[in-house]
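# Breakdown of the fold
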Amino acid sequence: MGDLNTSLGSSWNGLTAARAAERLAVVGPNTVEDAQRLGPLRLLWNQVESPLVLILIFAAAVSLGLSQWVDAAIILAIVIGSTLLGFRQEYRASAAVEELKKRLALTCRVVRDGVEGTVPADALVPGDVIVLSAGNLIPADGRILEARDFLVSEASMTGESFPVEKQPGIVPADAPLSQRTNVVFLGASVRSGTARVLVVDTGRRTAFGVIAARLRAREPETNFARGLRQFGYLLIRAMVVIVLSVLTVNLLLDRGLVESLLFSVALAVGLSPELLPAIVSITLAAGARAMSKEGVIVRRLDAIENLGSMTILCTDKTGTLTEGTIVLADATDPRGRTSTGVRQLAFLNASFETGIDNPIDAAIVTAGEQAGLSASGHDKIDEIPYDFLRKRLTIVMAERGDAERHLVVTKGAFSNVLSVCTHVERDGAVLALTDAVTAELFVYYESKGTAGFRVLAVATRTVSAKGTYQRDDEAEMVFAGFLLFLDPPKVDAARIIGHLATLNVQVKIITGDNRFVTGHIAGSVGLDPTSMLTGDALTKMDDEALWHAAPGTSLFAEIDPQQKERIVRALQRTGHSVGYLGDGINDAPALHAADVGISVDHAVDVARESADIILLKRDLDVLRTGVEYGRRTFANTLKYISITTSANFGNMVSMAIAAPLLPFLPLVAKQILLNNFLSDLPSMAISTDRVDAERVAHPQRWDVAQVRRYMVVFGLVSSIFDLLTFAALLLLFRAGEATFQTTWFVVSLLTELGVVLILRTRGPAWRSRPSALLLWTTAAATVFTLAIPFFGPGSRLFGFVPLSTVEMGAVVGIVVTYLAATEATKRWFFRHTYNGEPTIRSAGRQTRLT
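Per chain, residues are indexed from 1 in the order of the written sequence. Two thresholds apply to this predicted model, a pLDDT of at least 70 for residue-level local features and 80 or more for giving and counting side-chain atom pairs, whereas whole-chain, interface and lining totals are computed over all residues. Note that water and hydrogens are dropped before the side-chain values are worked out from all heavy atoms of the structure.

Residues that lie three or four places apart on an α-helix share one face, since the helix turns once every 3.6 residues. Think of it in three bands: residues with accessible area under 20% of the maximum for their type are buried, residues over 50% are exposed, and the middle band is partly exposed, with areas taken using a 1.4 Å probe on protein chains only. Strands here mean DSSP runs of E at least two residues long; helices mean DSSP runs of H or I at least four residues long; both are numbered from the N terminus. When we look at burial in helix 17 (residues 515–524), the residues that qualify are Val 517, Thr 518, Gly 519, Ile 521 and Ala 522. Residue contacts are defined here by distance: any two heavy atoms, one from each residue, within 4.5 Å place the two residues in contact. Buried residues in helix 17 make contact with helix 15 (435–450), strand 16 (454–464), strand 18 (506–510), strand 19 (532–534) and strand 20 (555–557). Contacts described as polar in this section are N or O atom pairs within 3.5 Å, which, within protein, must combine one atom able to donate a hydrogen with one able to accept it, while residues neighboring in sequence count only if both atoms come from side chains. Taking the backbone nitrogen of Phe 516 as reference, a side-chain oxygen 2.9 Å away marks Asn 514 as the first, capping residue of helix 17. Gly 526 sits one or two positions beyond helix 17 and adopts a positive phi of about 95°.

See below:
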């Protein structure tokens, strides 16, 4: 180890701050990700590599090849305009998200200049000495300098599900990862104990970094991303049919190949919402910014949709349903009488504990200091850290001046402490722990739990002095007494649970606490205390039995850490979208398994890094706000997709039908592209729009079949009016090519703008006020559309001509009639498509919400 320290220029006291800064400049930040993944050039390229943009560039190239300079310039101008607009909005959105992520940057304890401090994890360099404890994510690869009961979970690296003990020593250089017991790896997490570690490799030079670089594993696809992908497939199929059909018909009519090809390509592009990536980024980022102001930080933008679709929230009770300010209400002897001796033992145990920072020990220390207790006169000898299997913590100490004997003090869960006791202290005498005494202890424990107290136990043992202690030394102990903690329910917990119920989100408690205190808290906040499943009962259930029991159970008490993930997966199996709120080491697997993992700002590293959503305050009311924002964000995204594709689909079908029947094309390629570009501009404001209360009240999930029905129904309504417009222009106005194209361009664009205000709500349009930004951008686009034919040189460039007063009057009449028909169709569509009872879809099955 000395050679390694020397080669890294380090020591027990770590690097100097100056040396660490120099090394950071050389080796770079401690991250396995690309630092510039969201840089301007990358985002700009994302816009250009879109298939829709590439199609437009191909169309421009064809025009240039045939010396169609004006057409090529117009197409390129639209490409550049769309690209720059999308780039600007996505760059702003990504910058906003990066700012939010900085608030959640991982930190670690590091020794520099001989002083322990906290630095960002990405500032670590080889040679740093870091201090790790239970709950920490390991931020780099390193060698163990010192360890005490140090258990590490390396499942992400080795696949081993059980924690591995790490300690200083030497192992063969060619040992596999799973047998390198003297080192820790980036990405693993500390389950218990403490350690001092010398950092050897950081960033991409770590074992995890090498694997990540080779595999470049992707995050699991979210429901939102899956829905977008399926929607893309729907558009591709429609494009192929339209392009091939229209191109074939035009060629059979002996129209020019180039003109027919450009028209067909323009139709395909016209069907596509080419600003969709930008709209999605803007809407999700706007939702993330708004949620951050309410104390909800989004780590993954796609998780906003999952938060909105949540139907069940699983949470512990501490800090969410209770005040989270645990106080030591009393310390009693085995008979239930207040005991200063038991309080002193608990104070010593909590004062010397160095593993997991926790509110229980903080409450004991606070109460002890207020009572004038002190640890002076005692020296800590050893510590057997808390873990989630033993559920107890042991401190070994010696009274100063007594080198022969040590005092062992254990505190923890009542049953787990009682299981290592063989005697009980009563009235100053140590007696055998008989069945009758055990029964009396259980009666007291249950009565206090039912009264709402969290009950822990304390046990002691005096032993001959020795150097180190192990878990086996927790044996033949003397039961000393009880610790009674109080964490009262929040005064508004019942109200908030009621609010979540109105959003069709069920709250389920999953806790390791005993059934008695869990039932008491549940009853006080409006949950059914009799709807309970204990960890023991769950162990005896097979998966199918749990699938049937879990949805109808409100409380899961005395649950082991490994059972939490099983409960989450059982709820998902029955068709629910599950949110899990947790902040502890043992919550990480359930957070990862849930549809949306939720943690809090002060959670342990491994829990916070496993979560999709971070609450700055552990409050269900903050989470309720996040659910509402998630649903509004998803609803506004779906508005753009549904409205734009239905309007575009109608216009494209109309042109595809009319093209072979007319002596000229209903619109030329540059007019189609301009129409599509202008109709999309107001859609940038959809992210600010208001959402109907009934859409916020129910979870929403992607349903591509529903989007397809929506597109066909409202698209065909648009097509009917388009064909009536064609008939009026040809039969009544005897319109020539330029007049026909100008009139229909104005009609189609105005209907696309107006229909946004109609279809943005499922209720009567006049009863739902759009956001000011959406209303005014739509109004501005409408004025511009009406003025297009009269722009002179600019309008002639696109082949437009001025319209007469009669023709403009006909345009207004057609548009107003179309909007009225769309309003009527909307009422019919939602009355027949939705029966008032929303559904959720999962794993190929459909489940009614209750």
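What follows covers a nonpolar patch on the surface. A contiguous nonpolar surface patch, about 550 Å² in accessible area, is contributed by Leu 44, Leu 64, Trp 69, Leu 76, Ile 80 and Leu 84. Among the elements that line the nonpolar patch, the one with the most residues is helix 5 (residues 69–102), at four residues. Within the secondary structure, Trp 69 is located in helix 5. Under the relative-accessibility criterion, Trp 69 is labelled exposed at 55%. Residues enter a patch when their relative accessible area is above 30% and they make no salt bridge; the linking distance is 9 Å between like charges and 5 Å between nonpolar side chains (Val, Leu, Ile, Met, Phe, Trp, Tyr). Note that accessible areas follow from Shrake-Rupley with a 1.4 Å probe, and for residues the cover is restricted to the protein chains shown. Salt bridges are defined by distance alone: a side-chain nitrogen of Lys or Arg within 4 Å of a carboxyl oxygen of Asp or Glu.

Next up on the list: the environment of Phe 791. With respect to the helices and strands, the residue Phe 791 is situated in the loop between helix 28 (772–787) and helix 29 (793–797). Under the relative-accessibility criterion, Phe 791 is labelled partly exposed at 42%. Spatially, the C-alpha atoms of Phe 791 and Pro 802 are 8.4 Å apart, while their sequence positions differ by eleven residues.

Aromatic ring pairs are reported here in terms of the distance separating the ring centres and the angle at which the planes meet. Stacked, edge-to-face and tilted are the three classes for Phe, Tyr and Trp ring pairs, Trp counted by its six-membered ring, which pair at centre distances within 6.5 Å; planes under 30 degrees apart are stacked, over 60 edge-to-face, the rest tilted. For the structure on display, the rule yields 19 aromatic pairs. Here the aromatic rings of Phe 479 and Phe 482 are separated by 5.3 Å at their centres, their planes lie at 65°, and the arrangement is edge-to-face. Residue classification places Phe 479 among the buried residues on the basis of a relative accessible area of 0%. Relative to Phe 830, the ring of Phe 829 lies with its centre 5.2 Å away and its plane at 85°, an arrangement referred to as edge-to-face. Taken as a pair, Phe 829 and Phe 830 share a single burial class, namely buried. Here the aromatic cluster, defined as three or more aromatic residues joined through ring pairs, consists of Phe 414, Phe 442, Tyr 444, Tyr 445, Phe 479, Phe 482 and Phe 516. Distance and angle both matter: a charge sits over a ring if NZ of Lys or CZ of Arg is within 6 Å of the ring centre and within 35 degrees of the ring normal. Its guanidinium or amino end placed over the ring of Trp 547, Arg 573 lies 4.5 Å from that ring's centre, counting from NZ or CZ. Over the aromatic face of Tyr 629 sits the side chain of Arg 632, whose NZ or CZ is 5.5 Å from the ring centroid.

Residue position: Gly 552 is located in the loop between helix 19 (543–549) and strand 20. By relative accessible area, Gly 552 is classed as exposed at 59%. Gly 552 sits 44 residues away from Lys 508 along the chain, and the two C-alpha atoms are 9.7 Å apart. Each residue touching Gly 552, except ones within four places of it in the same chain, is listed here: Lys 508 and Ser 531.

Take the sheet that holds strand 18 next. Paired through their backbone hydrogen bonds, the strands of a sheet run either parallel or antiparallel. Strands pair, by our definition, only if DSSP identifies at least two bridges between them. If you trace the eight strands from one edge of the open sheet to the other, you get 8-23-22-21-9-18-20-19, paired in mixed fashion. Looking at which strands have only one partner, the edges of the open sheet turn out to be strand 8 (296–298) and strand 19. Strand-to-strand twist across the sheet, computed as the mean angle between neighbouring axes with direction ignored, equals 20°. As judged from the two bridges shared by strand 18 and strand 20, these two strands associate in the parallel manner. Helix axes are fitted to C-alpha atoms over the stretch in contact, other axes to C-alpha atoms as well, and angles between N-to-C directions run from 0 to 180 degrees.

Packing of helix 26 (residues 704–732) against helix 27 (residues 737–759) brings their axes to within 11 Å, and their N-to-C directions diverge by 150°. With respect to their mutual orientation, helix 26 and helix 27 come out roughly antiparallel. Read as a crossing pair, helix 26 and helix 27 show a hand that is right-handed. Contacts between helix 26 and helix 27 involve Tyr 710, Phe 714, Asp 722, Thr 725, Phe 726, Leu 729 and Leu 730 on the former and, on the latter, Phe 740, Thr 743, Trp 744, Val 747 and Leu 759. A breakdown of the residues in the contact of helix 26 with helix 27 according to their chemical character gives nine nonpolar, two polar and one charged. Comment on the angle field: the value is read as roughly parallel under 35 degrees, roughly antiparallel over 145, roughly perpendicular from 65 to 115, and oblique elsewhere. Note: crossing handedness is left-handed where the near helix turns anticlockwise from the far helix by less than a right angle, and right-handed where it turns clockwise. Three classes are used: nonpolar for Ala, Val, Leu, Ile, Met, Phe, Trp, Tyr, Cys and Pro, charged for Asp, Glu, Lys and Arg, and polar for all others, with Gly counted as polar.

This next bit is on unusual backbone geometry. Positive phi, close to 50°, is recorded for Glu 476, a residue that is not glycine. With respect to the element layout, Glu 476 can be found in the loop between strand 16 and strand 17 (477–486). Exposure remark for Glu 476: the relative accessible area of 55% places this residue in the exposed category. One non-glycine residue, Arg 734, lies in positive phi territory at about 50°.

To continue, consider the pairing of strand 15 (residues 429–432). Note: strand 14 (residues 421–426) against strand 15, four bridges, orientation antiparallel. The partner of Glu 425 across the bridge, within strand 15, is Val 430.

The next subject is the nonpolar core. Side-chain atoms within 4.5 Å are what join buried Ala, Val, Leu, Ile, Met, Phe, Trp, Tyr and Cys residues into a set we call a nonpolar core. Grouped together as the largest cluster of nonpolar side chains are 58 residues, with contacts concentrated most on Leu 307, Leu 313, Ile 598, Ile 613, Leu 615 and Leu 620. Here the element with the most residues in this core is helix 23 (residues 620–658); it accounts for five residues. Once residues lying within four places of it in the same chain are set aside, the contact partners of Leu 615 are Gly 295, Val 296, Leu 581, Ile 598, Ser 599, Val 600, Asp 601, Val 622 and Leu 623. Leu 665, Tyr 710, Leu 749 and Val 811 belong to the second largest nonpolar core, which has 57 residues in total.

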